[in-house]
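What follows is the residue order along each chain.
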Amino acid sequence: MSTQLTNRALPVDRKPMTFVESLYLWNILKGMGVTLSHFFRKKVTYNFPEQKRPFSKVFRGLHVLNRDEEGRENCTACGLCAVACPAEAITMEAAERLPGEEHLYREEKYAAKYEINMLRCIFCGLCEEACPKDAIYLSETFAPANYGRKGFIYPKEELLIPHPINEKEAYDKAVGDRKIKNNKTN
Ligand code: SF4
Ligand code: SF4
């Protein structure tokens with residue numbers, strides 16, 4: 001006799017079915033009853049993407065590189081986010097701001113290249129916490145699916161938030177609830 005791991009095992013009923021049982025009528029009716037009972041319950045599914053489920057207040061999604069109210073990039077390429085990242089998902093190259101570029105970059109140094117590998121990222125949010133310039137945050141957007149690995153390496157151009165003056169509508173959409181949250185905390 002084989003050893004049982006639990007005492008929950010039930011012996012299989014191998015009795016031949018009667019004629020009435022072989023029609024499965026009672027089982028079909030039982031199944032229909034289960035289906036009908038769910039018709040009148042609250043739906044637990046959402047018609048994504050038209051309908052989105054409410055996120056938790058601490059949901060962490062796709063990263064956004066932030067700009068200030070004049071549209072200048074906040075990031076000063078200090079590298080603290082990359083150092084804090086436990087998944088080594090962030091790479092960047094720093095560059096010096098040139099005279100005449102003050103309207104583009106807030107600090108004297110900026111990230112000429114900034115990449116996040118979303119296949120490595122574990123959405124822990126440590127990059128956001130490490131940043132001293134409010135230059136990166138995790139938004140309420142999912143990282144979209146892709147067919148190729150390269151599509152998950154997000155360059156700076158894809159991470160950067162739209163310009164708050166030149167692309168106001170897109171900027172407001174990208175900021176979303178964060179604006180409301182920030183206003184509440186200010
Ligand atoms: S969320 Fe975490 S894992 Fe992802 S890039 Fe930021 S620090 Fe790295
Ligand atoms: S995002 Fe923040 S922490 Fe990362 S390099 Fe830019 S300024 Fe530094």
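Scroll up a little and you will see the structure.
Read on for a plain summary of the structure.

**Brief notes about the site of ligand 2**
Of all residues adjacent to ligand 2, which total 14 residues, the nearest are Cys 75, Cys 78, Cys 81, Cys 131 and Ala 135. Here the residues of the shell around ligand 2 are counted per class, giving 11 nonpolar, 2 polar and 1 charged.

**Description of the nonpolar core**
Buried together is how nonpolar side chains tend to be arranged in soluble globular proteins. Counting 18 residues, the largest nonpolar core has Leu 65, Cys 75, Cys 81, Ile 90, Cys 127 and Ile 136 as the members making the most contacts within it. Among the elements of the structure, strand 1 (63-65) and strand 3 (109-117) are those that each provide at least two residues to this core. Per element, the largest residue contribution to this core is 4 residues, and it comes from strand 3. Those residues in contact with Cys 127 that sit more than four places away from it in its chain are Cys 81, Ala 84, Cys 85, Ile 90 and Ile 136.

**Considerations on the pairing of strand 3**
In this sheet, strand 3 lies alongside strand 2 (residues 90-96) in antiparallel orientation, the contact comprising 7 bridges. Bridge assignment links Thr 91 to a residue of strand 3, and that residue is Glu 115. When strand 3 meets strand 5 (residues 153-154), the two strands line up antiparallel, connected through 2 bridges. When the bridges of strand 5 are listed, Ile 116 appears paired with Tyr 154.

**Re the sheet that holds strand 5**
To summarise the sheet geometry, strands pair through backbone hydrogen bonds and adopt either a parallel or an antiparallel arrangement. The strand order across the open sheet built from 3 strands is 2-3-5, with neighbouring strands paired in antiparallel fashion. Strands at the two margins of the open sheet, each flanked by one partner only, are strand 2 and strand 5.

**Brief notes about unusual backbone geometry**
The step from Phe 48 to Pro 49 runs through a cis peptide bond, and the omega angle for that step is 5°. One can find Pro 49 in the loop between helix 2 (25-39) and strand 1. The backbone phi angle of Phe 123 is positive, close to 50°, even though this residue is not glycine. Relative to the helices and strands, Phe 123 resides in the loop between strand 3 and helix 4 (126-130). Even without being a glycine, Asp 134 presents a positive backbone phi close to 50°. In this fold, Asp 134 is placed in the loop between helix 4 and strand 4 (136-138). In this structure Asp 134 comes out as exposed when scored by C-beta crowding, with 12 C-beta atoms within 10 Å.

Cut-off values and rules
- Residues numbered from 1 in each chain as written.
- Chains lettered and ligands numbered in written order.
- Predicted model: local features only at pLDDT ≥ 70, side-chain atom pairs only at ≥ 80, totals over all residues.
- Near = placed C-beta within 6 Å.
- Nonpolar A, V, L, I, M, F, W, Y, C, P; charged D, E, K, R; others polar.
- Core = buried A, V, L, I, M, F, W, Y, C linked by C-beta atoms within 7 Å.
- Buried ≥ 20, exposed ≤ 12 C-beta atoms within 10 Å, placed from the backbone.
- Helix = DSSP H or I, 4+ residues; strand = E, 2+ residues; numbered from the N terminus.
- Contact = placed C-beta atoms within 7 Å.
- Pairing = 2+ DSSP bridges.

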